[in-house]
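Observations on chain architecture
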There are 2 protein chains.
Amino acid sequence: MEEKVEKQTLLVALGGNALIRKGEQGTVEQQFKNLSVPIRQIARLSQVYKIIITHGNGPQVGNLLLQQEGCDAVPKLPLEILVAQTQGQIGYMIESTLDNQLMDLGIHYTPLVSLISYVVVDENDPAFSDPSKPIGPVYRRKKDAPSGYPIKKTAKGYRRVVVSPKPVTIVEKREIKKLIDQNFIVICCGGGGIPVIREGRAFFGVDAVIDKDLASAKLAEEVGVDIFLIATDVPGVALNYGKADQQFLRSMALKEAEQYLREGQFPSGSMGPKIEAAMQFVSHSGKRAVITSIEEIQPAVEGKAGSEIRR
Amino acid sequence: MEEKVEKQTLLVALGGNALIRKGEQGTVEQQFKNLSVPIRQIARLSQVYKIIITHGNGPQVGNLLLQQEGCDAVPKLPLEILVAQTQGQIGYMIESTLDNQLMDLGIHYTPLVSLISYVVVDENDPAFSDPSKPIGPVYRRKKDAPSGYPIKKTAKGYRRVVVSPKPVTIVEKREIKKLIDQNFIVICCGGGGIPVIREGRAFFGVDAVIDKDLASAKLAEEVGVDIFLIATDVPGVALNYGKADQQFLRSMALKEAEQYLREGQFPSGSMGPKIEAAMQFVSHSGKRAVITSIEEIQPAVEGKAGSEIRR
C-alpha cells in the first residue's frame, strides 16, 4: 500500500530578471521568453512540492509611472494602484506561462490562481520619512531624472526613490493558506504587495512600494512554508564578492549569516536585503532559505546549487 | 435544531459606472467613493448568498492605452496585457472596498480573493475581421482620435474600436467553482477576462477585449450560478426607451425578451448586449437574470427593483 505523505511547501520569490534581463528593453515577447526559464523548473517542482510564487515589479511599475507622468489627458494614480496594475500584468504572464509549461509536461490539470494581494504596513514606520527604494530607469545625470519623487545616487547611477516600509502582515494570508492546503498553486504578493495602512478596522492604500523579498519572507512565515527560495541574477551568496578571493557559500548557519552581514559582506543595495529576508524567515520558522539564480531554481531546491541558510 | 440550507450563488456584473460616473474625470478618490455604493449592498447580500463579482474596465483600459501611446520611452504592450493591468487595479479597488464594508457591518472574516482571469476565444471568430467594441474617450471629430486602432461613429461621438470576440470558456472556471463551494467571495473576469486563443494545448494572448456581460454570463453558466445580475446606469429594461410611451418591464419570460429584441427594442450599443447576455444565461441554465442600476442591486435581487428575465 502506498503511503500518503503530505507534500512540503516551496515559496519561490522571482526577481525582476525573471522577466527583463540586463540590457533588454522589456518587450512583451522578451518578458514571456525569459519567464519560461524559471517557470519550466517550477512546473517540474510542482510535482514534488506545493508551490507559492511571488515576484518583483521594479521595471514594470517604473514604466507605468513614466507613462502616466507623460500623459496629461488621464488622471494620475498613486503608486499603490500602479503596483496593483503590475500584479495583474505579471500575475497573468506567470500564470499563463505556468499553464503552458504544465501542459507541456503532460500535466492535465492543477488548480492554479493568481491573486491580488495587499500588505499592511505601519504608518509609523520610519521609512515614511526616508524614501529609499529605487524605482524605474537609471539616469546618468541627476538632472535627467523626472521630478515628482526624490532622486538618489545608486551604484548604477541616479534613480528616483520611493518610500519602502516593512511588511507587517499579508491581508490574504488565510486565503492563501487554505488554497495551498488544497494543492492550489498560488501566485501572489506581486511587487511586495499593495501597501495599505490600517485605520481602525479599515484599510487604506499608501503611496509606497514594499520590498518583495521581505514581503515574501513574511508570507512564507505566516503561511508556514518549508523552503523559501529567492531567485535572482547571481548563482548565490559569496564572501568578498567580485574580488580575487571571492568565496562562494553553499550553506550557512543563521549565526554565520548574521556575522557576515555585520562584517559588511552583503551590500545594502543588492544582496543585503535578500540575506535579511532569508534570515528573517529562518529565524522565525527554523526552516530552510535558499538564494540562487533564475537558471538554477530546481538544482538549488535539491541542494545542488545556490546558497542556503539553515537554523 | 437549525436546518442547514446551502446558500444560493449570486453573480454581480458591475458596469463601468460603478467606478466612474458620467462627467467625472475618474480620479482614484472618485472611483473608491463610487464603488462604495454597489459594494455596500453586495457586502449585505453576502450574508445570504455566495458571491461572485465581475466588472467592466472600459475607461481604465482606454486610459492605459492613451498613456502608453503618449510615452515613447517604454515598450508598448498589447491590449491583452492592459486588460490584465486593469484586473489588478480594479480587482484591488473592489476587494479592499469590500473588505472595508464587511468590517463596517461587523463581519470579522469572510474569505475573499480577487483572481486574474483569462478567457478562451475562437481564433476563427468573425469579430477578428470586424473591430466593433468602443474603447477610451469619445471624440467630437473623427480627426481628433489618435491613430493605432480603427475609428467608428457611435451614439456618443467618434471612438476608437477594437476586436471583441465571443467568450468560449473561462480558463479558471474549476478554481472559481471550488472557491465558491467553500464560501469564498470571488472577484474575477475583470474587463471580460484576458482574451487568449488555444493553440494545440497551449494558450496565447490576443489583441482584443471581450464583452464583460457576455463573459460574465458564460462564467455564470459554467460555475452554476443561481442569480445573474447586471448592474448598469439605468434602473432596468424598458420598451420604447426614452419616448413618451416608455414602459418599464419588471419581469419578462425568455420568449418575450427574444421577441422584444427581434423588434429592435434594445439598441445594440447599450441595452442590447446586456439583454443578450441575460438571455444566454437563462436559456442555458433555466435560472434568473436581473438587470438593474448600481444603486438598486439589493432590492433587485429581492425582486423589488430592476428587470428580470426568467425561463
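The shown structure was predicted, so the numbers you read here are calculated from the model rather than taken from an experiment. (Residues numbered from 1 in each chain as written. Chains lettered and ligands numbered in written order. Predicted model: local features only at pLDDT ≥ 70, side-chain atom pairs only at ≥ 80, totals over all residues. Heavy atoms only, no water.)

Some thoughts on the sheet that holds strand β7 (residues 158-162) of chain A
All names here are of chain A.
- Strand order in this open sheet of three strands is β5-β7-β6, and the pairing throughout is antiparallel. For this open sheet the edge positions go to β5 (133-139) and β6 (151-153), each flanked by a neighbour on one side alone. In this sheet, neighbouring strand axes are inclined to one another by 40 degrees on average, regardless of whether the strands run parallel or antiparallel.
- Both β5 and β7 contribute to a ladder of four bridges, which runs antiparallel. Pairing of Tyr 139 across the sheet is with Tyr 158, part of β7.
- Those strands touched by helix α2 (residues 58-69) are β5 and β7, and its axis lies near 70 degrees from that of β5. (Pairing = 2+ DSSP bridges. Helix = DSSP H or I, 4+ residues; strand = E, 2+ residues; numbered from the N terminus. Axes fitted to C-alpha atoms, helices over the stretch in contact; angles between N-to-C directions. Contact = heavy atoms within 4.5 Å.)

Notes on the relation of the copies chain B and chain A
- Expressed as a screw transformation, the operator carrying chain B onto chain A has a rotation angle of 180 degrees and an axial translation of 0.0 Å, and the superposed copies differ by an RMSD of 0.0 Å. The relationship between the two copies is best expressed as a two-fold rotation axis.
- Counting the interface residues of chain B, we find that 100% of their copies in chain A are interface residues as well, pointing to one common contact surface. (Least-squares fit on C-alpha atoms with pLDDT ≥ 70 in both.)

A few points about the packing of aromatic side chains
- Throughout the structure, instances matching the rule amount to 10 aromatic pairs over all chains.
- Plain terms: the ring middles of Tyr 118 of chain A and Phe 203 of chain A are 5.8 Å apart, the flat faces sit at 80 degrees to each other, and that makes the pair edge-to-face. Of the two residues, Tyr 118 of chain A is situated in strand β4 (residues 118-121) and Phe 203 of chain A in strand β11 (residues 202-205); the sequence distance between them amounts to 85 residues. Assigned by exposure class, Tyr 118 of chain A and Phe 203 of chain A land together as buried.
- Ring centres 5.5 Å apart and planes at 65 degrees place the aromatic pair Phe 228 of chain B and Phe 281 of chain B in the edge-to-face group. Of this pair, Phe 228 of chain B sits in strand β12 (residues 227-232) while Phe 281 of chain B sits in helix α7 (residues 271-285); the two residues are 53 residues apart in sequence, bridging distant segments of the chain. Summarising the burial analysis for this pair, Phe 228 of chain B and Phe 281 of chain B share the class buried. (Phe/Tyr/Trp six-rings, centres within 6.5 Å; stacked < 30°, edge-to-face > 60°. Buried < 20%, exposed > 50% of the residue type's maximum accessible area, 1.4 Å probe, protein only.)

Details of the interface of chain B and chain A
- Contacts between chain B and chain A engage 55 residues on the former and 55 residues on the latter.
- Of the roughly 4900 Å² buried where chain B meets chain A, counting both sides, 60% is carbon and sulfur surface.
- When residues of chain B are sorted by the area they lose upon contact with chain A, Gln 67, Tyr 92 and Arg 201 of chain B head the list and together hold 14% of the total.
- On the surface where chain B and chain A come into contact, there are zero salt bridges.
- The interface formed by chain B and chain A holds 13 residue pairs in polar contact (both at pLDDT 80 or more) in total.
- Sorting the residues of the side of chain B that touches chain A by element identifies α1 (28-45), α2 (58-69), α3 (79-104), β3 (112-114), α4 (173-181), β10 (194-199) and β11 (202-205) of chain B as the ones contributing at least two each.
- The dominant element in the side of chain B that touches chain A, judged by the number of residues it contributes, is α3 of chain B, at 14 residues. (Buried area = accessible area lost by both parts, 1.4 Å probe. Salt bridge = Lys/Arg side-chain N within 4 Å of Asp/Glu carboxyl O. Polar contact = N/O pair within 3.5 Å; in protein donor to acceptor, adjacent residues only side chain to side chain.)

A few points about the nonpolar core
- Among the nonpolar cores identified, the biggest contains 110 residues, and Leu 14 of chain A together with Leu 14 of chain B are the most heavily contacted of them.
- Ile 176, Ile 180 and Leu 214 of chain A together with Cys 189 of chain B belong to the second-largest nonpolar core, a separate cluster that totals 96 residues. (Core = buried A, V, L, I, M, F, W, Y, C linked by side-chain atoms within 4.5 Å.)

Let's talk about the confidence of the model for chain A
- Scored by pLDDT, chain A has a mean of 93; 99% of the residues are at 70 or more.
- For this predicted complex, the interface score ipTM comes out at 0.95, while the overall pTM is 0.95. (pLDDT = per-residue confidence, 0-100.)

Digging into the pairing of strand β17 (residues 307-310) of chain A
Residue and element names in this part refer to chain A.
- Relative to β17, strand β15 (residues 251-253) runs parallel, the two sharing three bridges. In the sheet register, Ala 253 faces β17, and the bridge partner there is Arg 310.
- Relative to β17, strand β16 (residues 288-293) runs antiparallel, the two sharing three bridges. Residue Ala 289 lies in a different strand from β17, and its bridge partner there is Ile 309.

Quick look at the side chain of Gln 67 of chain B
- Among the secondary structure elements, Gln 67 of chain B is positioned in helix α2.
- A relative accessible area of 5% places Gln 67 of chain B in the buried class.
- Apart from the residues lying within four places of it in its own chain, the contact partners of Gln 67 of chain B are Gln 67, Gln 68, Cys 71, Val 74 and Pro 75 of chain A.

Considerations on the sheet that holds strand β10 (residues 194-199) of chain A
All names here are of chain A.
- Spatial ordering of the open sheet is given by β8-β4-β10-β11, a layout of four strands whose pairing is mixed. Each edge of the open sheet carries a strand with a single partner, namely β8 (167-170) and β11. Sheet twist, expressed as the average angle between the axes of neighbouring strands with direction ignored, equals 45 degrees.
- Sheet topology places β4 next to β10; three bridges connect them, and they run parallel. Bridge assignment links Val 119 to a residue of β10, and that residue is Pro 195.
- Helix α3 (residues 79-104) rests against β10 and β11 of the sheet, and its axis sits at about 130 degrees to β10.

Some thoughts on α3 of chain B
- In this model, α3 of chain B (26 residues) spans 37 Å end to end at C-alpha, consistent with the 38 Å of a helix rising 1.5 Å per residue.
- Positive backbone phi, at 80 degrees, marks Gly 106 of chain B, one or two positions downstream of α3 of chain B. (Expected span 1.5 Å × (residues − 1).)

Examining the pairing of strand β2 (residues 50-55) of chain A
Residues and elements named next belong to chain A.
- With six of its six residues buried, β2 lies for the most part within the structure.
- The alternating pattern of β2 places Lys 50, Ile 52 and Thr 54 and Ile 51, Ile 53 and His 55 on opposite faces, both of which are buried.
- Of the strand pairs in this sheet, strand β1 (residues 9-14) and β2 are connected by six bridges, and their pairing is parallel. Pairing of Leu 14 across the sheet is with His 55, part of β2.
- Regarding the hand of the β-α-β motif, the stretch spanning β1, helix α1 (residues 28-45) and β2 is right-handed.
- In this structure, β2 lies alongside strand β9 (residues 185-187), joined through two bridges in parallel fashion. In the strand pairing of β9, Ile 53 is matched with Ile 187. (Right-handed = clockwise from strand over helix to strand, strands pointing away.)

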